[in-house]
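This is what each chain is made of:
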Protein chains: 2
Amino acid sequence: MNVDLPSWVADLALPANVRDDADAMRYALALARANVRAGSGGPFAAMVVHDATQRIVSVGVNLVTTEQCSVLHAEIVAIIRASHAMQSWDLHANGATTLFTTAEPCAMCMGAIPWSGVRRVVIGARDQDVRSIGFDEGAKPEQWVKDLRGRGIDVVRDVLRDEAKQVLEQYVSGGGLIYNAVPPSSNIST
Amino acid sequence: MNVDLPSWVADLALPANVRDDADAMRYALALARANVRAGSGGPFAAMVVHDATQRIVSVGVNLVTTEQCSVLHAEIVAIIRASHAMQSWDLHANGATTLFTTAEPCAMCMGAIPWSGVRRVVIGARDQDVRSIGFDEGAKPEQWVKDLRGRGIDVVRDVLRDEAKQVLEQYVSGGGLIYNAVPPSSNIST
């Protein structure tokens, strides 16, 4: 099982390896920005990186609107593509890996993290940054950082948060679709 | 984007329509049981049904181990296939739909429900039934039923729960893989 990336991803000429967390997040933000510019999905990108070698195992961008599929958030696309590349449902199969994401995972993507085998999550924008542009991120456990750490998964937040927020704002000012499936009247945001 | 079902699904000769919730759950349980028997994934199946016509829009079975992809839980497979069939990220595009699932959704699948557009969820086994065979279902919001209802999504539980539990037990007694990616030592189950 795999999911294709938009053809413009090749034009970004991403390197084989990243230098550090900020470097990885810069590439992820470039992907998110390009996704907004190309109109190929929501303002989100993600990446799976092999910790020991800093090699980029996979990248993902949000493809909900172009692929007409609500589950294709950037994190899910990155996990699917990393699994395909490694031919394993466990992204720890070749040693520890990190999931980079330009915005705090929604309830679905948060739930996907322990199943995936990644041992670290590095995050740009905060949950409230995403909700403030209108996305209903779902009901998350209040103690999600503690919950993930209790499962042996470390969490790093606010990496290039301001730049990550800018991508969200670009999406809104460009008229990007806020693809909530639940009518706003019954929508609760906390 | 689509995901293929195992070839044995065709042999089950599912009808075009279901009669009621119990009827739909019986077919979902037949799928889950066949998935265990065929060794094609975890002991779970799901279905998307169009409420007004009771037509089966899609079915899904857990394909984590055969497709080597941690996100391919039965509910996610059913949502992907329903989106593909309807060519819409919103499964409410042609009127209300219901997600049937043989076991309470894990944290990931719970988070996928509001994005999907389904307006009802009908569930067989309970969360504790799934945890009791060893799966780490993740950290869910305590008030998840209330959270979904607050988003306009109704929840029906314990439909053929005993039969659903039997499928879980068959999986364990047959030596089915418990595909938690997090080492049991750091695993917390609540």
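A closer look at the interface of chain A and chain B
Next, step 1: The interface of chain A with chain B comprises 53 residues on the first partner and 53 residues on the second.
Next, step 2: Roughly 4300 Å² is buried in total at the junction of chain A and chain B, and carbon and sulfur atoms are behind 65% of that figure.
Next, step 3: Area buried by chain A at its contact with chain B is led by A:Trp89, A:Trp115 and A:Arg151, which between them contribute 24% of it.
Next, step 4: Where chain A meets chain B, there are 2 salt bridges.
Next, step 5: Counting across the interface, chain A meets chain B through 8 residue pairs in polar contact (both at pLDDT 80 or more).
Next, step 6: Of all the secondary structure elements, the ones that give two or more residues to the side of chain A that touches chain B are α3 (74–86), α4 (107–116) and α6 (144–150) of chain A.
Next, step 7: In terms of residue count, the dominant contributor to the side of chain A that touches chain B is α4(A) (7 residues).
Next, step 8: For the side of chain A that touches chain B, the class distribution of residues is 26 nonpolar, 18 polar and 9 charged.

A closer look at the packing of aromatic side chains
Residues and elements named next belong to chain A.
Next, step 1: This model, assessed by the stated rule, comprises 12 aromatic pairs over all chains.
Next, step 2: Their ring planes at 50° and their centres at 4.7 Å tell us that phenylalanine 135 and tyrosine 179 sit as a pair that is tilted. Taken as a pair, phenylalanine 135 in the loop between α5 (127–132) and α6 and tyrosine 179 in the segment after α7 (161–173) lie far apart in primary sequence, 44 residues in all.

Conventions adopted
Residues numbered from 1 in each chain as written. Chains lettered and ligands numbered in written order. Predicted model: local features only at pLDDT ≥ 70, side-chain atom pairs only at ≥ 80, totals over all residues. Heavy atoms only, no water. Contact = heavy atoms within 4.5 Å. Buried area = accessible area lost by both parts, 1.4 Å probe. Salt bridge = Lys/Arg side-chain N within 4 Å of Asp/Glu carboxyl O. Polar contact = N/O pair within 3.5 Å; in protein donor to acceptor, adjacent residues only side chain to side chain. Helix = DSSP H or I, 4+ residues; strand = E, 2+ residues; numbered from the N terminus. Nonpolar A, V, L, I, M, F, W, Y, C, P; charged D, E, K, R; others polar. Phe/Tyr/Trp six-rings, centres within 6.5 Å; stacked < 30°, edge-to-face > 60°.

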